[in-house]
Amino acid sequence: MTRRAAADVRLDSLLRTACDVIVERGLANTRTADVAAAAGVSQALVFYHFATKERLLAQAFAYAVEQELSRLDAVLRSATPPLTKLRRILRLYTPTGRPWAMWIDGWAESLRTPELEKVCRRLDLRWRQDLAAVISAGVADGTFDCADPAGAAWRINAVMDGLAVQLAVHERVISRRQFGEWIRLVTARELGLDPAQLV
């Protein structure tokens, strides 16, 4: 293995470890020393890869979210019709585990950390743009009835975000079943569908 390849492996391992530490401690309470200790490396090595704590947190957040976005990419690249893609996107967005804990923490910490805000905004907008592209494709083939795909994507996504925070943070406020039903209802209204078509 070349020195460059070894450095890439080490960087990937550090990012995975940083994600674990962030989920456990939260973005605001994670120190570079915590990541170094969890990874079994020196703090100097962490700073070699990430010049600042803010850069470490932003890159770890991006790393975690990019794992989820790779699943979204697979949906978008598939040869399935827009309605099938839409169903899959709605299922992908249902809050589960680490990615959602990091999203919520990332949104909150973005208020204080400009570098993290830039990463968070870029990744957040990506969901909306991809959803809008699927809606536009469905409008073009006559599956959806929607005069404003970009606006519909924003509104659907805003409702998903709000409900997802409730589902992920507050136990027993809403159920996973209610989350799915309400998201299908809102999406169906935006796109001229029957909610049953989104099951």
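Residues numbered from 1 in each chain as written. Predicted model: local features only at pLDDT ≥ 70, side-chain atom pairs only at ≥ 80, totals over all residues. Heavy atoms only, no water.

Participant: What exactly am I supposed to notice about the overall build of the protein here?
Facilitator: Along its length, the protein carries 9 helices and 0 strands. In the protein, the succession of helices and strands from N to C terminus is α-α-α-α-α-α-α-α-α. Overall, the C-alpha framework of the protein stretches about 55 × 40 × 25 Å when taken along its three principal axes. Across the 199 residues that make up the protein, the buried fraction comes to 44%. When contacts within the protein are restricted to residue pairs at least 6 apart in sequence, those whose partners lie at least 24 apart make up 62%. (Helix = DSSP H or I, 4+ residues; strand = E, 2+ residues; numbered from the N terminus. Buried < 20%, exposed > 50% of the residue type's maximum accessible area, 1.4 Å probe, protein only. Contact = heavy atoms within 4.5 Å.)

Participant: Please explain the pattern of salt bridges as it appears in this structure.
Facilitator: Pairing between side chains of opposite charge can happen when the charged atoms of each approach one another. Applying the stated rule across the entire model yields 13 salt bridges. Notably, a salt bridge pairs arginine 25 with aspartate 34, separated by 3.0 Å at the nearest N-O pair. What makes aspartate 34 buried here is its relative accessible area of 12%. For aspartate 161, the salt bridge identified is with arginine 128, shortest N-O distance 3.3 Å. Of the two residues, aspartate 161 is situated in helix H8 (residues 149-169) and arginine 128 in helix H7 (residues 114-140); the sequence distance between them amounts to 33 residues. Of the two residues examined, aspartate 161 and arginine 128, each falls in the buried class. Connected through shared salt-bridge partners, Arg25, Arg31 and Asp34 make up one network. (Salt bridge = Lys/Arg side-chain N within 4 Å of Asp/Glu carboxyl O.)

Participant: Can you walk me through the nonpolar core in this structure?
Facilitator: Among the nonpolar cores identified, the biggest contains 57 residues, and Phe61, Leu86 and Ile135 are the most heavily contacted of them. Those elements that provide at least two residues to this core are helix H1 (3-25), helix H2 (32-39), helix H4 (53-77), helix H5 (82-92), helix H6 (97-110), H7, H8 and helix H9 (176-191). Top contributing element to this core by residue count: H4, with 12 residues. When near neighbours in sequence (up to four residues on either side) are disregarded, phenylalanine 61 contacts Met102, Trp103, Gly106, Leu116, Val119, Cys120 and Leu123. (Core = buried A, V, L, I, M, F, W, Y, C linked by side-chain atoms within 4.5 Å.)

Participant: Looking at this model, I keep getting lost on the environment of glutamate 68. Mind explaining?
Facilitator: Relative to the helices and strands, glutamate 68 is located in helix H4. Given a relative accessible area of 18%, glutamate 68 falls into the buried group. Along the chain, glutamate 68 and glycine 40 lie 28 residues apart, while their C-alpha atoms are 27 Å from each other.

Participant: Looking at this structure, I do not really get the environment of tryptophan 182. What am I missing?
Facilitator: Locating tryptophan 182 in the fold gives a position in helix H9. Note: C-alpha distance between tryptophan 182 and cysteine 120 (62 residues apart in sequence) is 25 Å. Excluding its chain neighbours within four sequence positions, the residues that come into contact with tryptophan 182 are Leu163 and Ile174.

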